[in-house]
Amino acid sequence: MLLGLTSLFADWLYEGARAALPQYMKALGASALAVGLIFGVGDSLGYLLRFATGPLADRRGGYWGETFAGYALQVAAIAGLAFAPWLGVVAALVMLERASKALRTPARDAIISAAGGGRQSLAFGLHASLDQIGAVLGSLTSLLLLAVGLPYSRLFLLLALPGLAALGFLALAYRQGVKPTRSERRRGVLRRPLVLFAASQFLFGASLMHISLEMYEMPGAAWMGSAVYLAAMAFEIPASLAWGRLYESARWSLYLGPAAAFLATSAFSAGGLALGVAGALAYSTATSYADIIAKARAVELEGAARATALGLVNAAFGLGYLASGGLYGYLIDINAMRLSPVFSALFAVASIAIVAAARR
């Protein structure tokens, strides 16, 4: 619960910033390809670094040090956006913010897994639902403040306040004394089902168009893009709770994430506010799958090295996300958006097939 509250305020910080960043980048002269790549590279960096930060947390066995450092760096990166009116500096701070998430997430998730006992998906679902309340608050903050004409620089500075609150709740969580059991598994040894599942998550990430591209393409005032983002963040609250319960009783739910990614990409590609909102709901369903089902499955497949397994699966998803950011951003720039659902379907079907193979 305390780590969930930590994430609530941290999401208020960085999801509030992300709800405004595509529009801010566009105002600075960025193309759709540039926005797709910046978000794609940033998000993939936040995942790919987990190849290293997950095993690091397991080898050190401390977990809390990485968690504190990651949250502190994130606050600094978002506050820094207030003083960065150039696209290159903004891109660098986006990368720093994503790297900070990579540092903390495998270690924090290992702590959540330890605190959750045998009910992994429910523990991750509870945490994710609290996390998404913060995402809604952050998105709503950006929506309202942009609607009244607040400059981007002041918005980013104000968002640092919930970030400081996150550090306070993290300190309270640390005092509870929860610490995962340190892994004794030999380094470099990963079980085949875990590697196959990680491959499926790469294809899952490639099938999902980043919501920043939908926000970039949204016609009208800047706050309309924030409204679509707000819809996505709000829907992820019930979706997270539903995934946590569903996986405990229905293991076939492993196949639903790529299907949701295909629906999101198809709706985003069709254009318009109504389909944009519909796509945002499917997008939330897909991303909450990555945060709950994929994590619970990773711990099941490699429970001896929790942070390593979590880092591997998340990093594979992020690598696919990098590919999707460049691919779908390029299709927008060359006016070939109609091809996006075709690519998404191919990746989603391949992902489902590998998930089935990993279960054997």
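Residues numbered from 1 in each chain as written. Predicted model: local features only at pLDDT ≥ 70, side-chain atom pairs only at ≥ 80, totals over all residues. Heavy atoms only, no water.

## Focus on the overall build of the protein chain
In step 1: A tally of regular secondary structure across the protein chain gives 17 helices and zero strands.
In step 2: Against the globule reference of 21 Å for 360 residues, the protein chain gives a C-alpha radius of gyration of 19 Å, in line with a compact fold.
In step 3: Projected onto its principal axes, the C-alpha coordinates of the protein chain cover approximately 55 × 45 × 30 Å.
In step 4: Counting contacts in the protein chain only where the partners sit at least 6 residues apart, residues at least 24 apart contribute 85% of the total.
In step 5: For the protein chain, the centre of its 27 positive side-chain charges and the centre of its 17 negative side-chain charges are spaced 7 Å apart. (Helix = DSSP H or I, 4+ residues; strand = E, 2+ residues; numbered from the N terminus. Rg over C-alpha atoms; globule rule 2.2 N^0.38 Å. Contact = heavy atoms within 4.5 Å. Lys, Arg positive; Asp, Glu negative; His and termini not counted. Charge placed at Lys NZ, Arg CZ, Asp CG, Glu CD.)

## Looking at the pattern of salt bridges
In step 1: Using the criterion set out here, one finds six salt bridges in the structure.
In step 2: Linking Glu 66 and Arg 60 is a salt bridge whose minimum nitrogen-to-oxygen distance equals 2.6 Å.
In step 3: Among the residues examined, Glu 66 registers a relative accessible area of 5% and is labelled buried.
In step 4: For the salt bridge of Arg 98 with Glu 97, the shortest nitrogen-to-oxygen distance reads 2.7 Å. (Salt bridge = Lys/Arg side-chain N within 4 Å of Asp/Glu carboxyl O. Buried < 20%, exposed > 50% of the residue type's maximum accessible area, 1.4 Å probe, protein only.)

## Regarding the side chain of Thr 265
In step 1: Tracing the backbone shows Thr 265 in helix H13 (residues 256-270).
In step 2: Those residues in contact with Thr 265 that lie beyond four places of it in its chain are Ser 207, Leu 208, Met 209, Tyr 328, Ser 340, Pro 341 and Ser 344.

## Here we look at unusual backbone geometry
In step 1: Of note, Asn 335 is a non-glycine position whose phi angle comes to about 60°, a positive value.
In step 2: Tracing the backbone shows Asn 335 in the loop between helix H16 (306-333) and helix H17 (340-359).
In step 3: Here Asn 335 falls in the exposed class, since its relative accessible area comes to 65%.

## What about helix H5 (residues 64-80)?
In step 1: Taking 1.5 Å of rise per residue, 17 residues should cover 24 Å, and H5 covers 25 Å from first to last C-alpha, within 8% of that figure.
In step 2: Within the span of H5, buried status applies to Trp 64, Glu 66, Thr 67, Gly 70, Tyr 71, Gln 74, Val 75, Ala 77, Ile 78, Ala 79 and Gly 80.
In step 3: The inward-facing, buried residues of H5 contact helix H1 (2-18), helix H4 (50-60), helix H6 (87-116), helix H8 (152-158) and helix H9 (160-174). (Expected span 1.5 Å × (residues − 1).)

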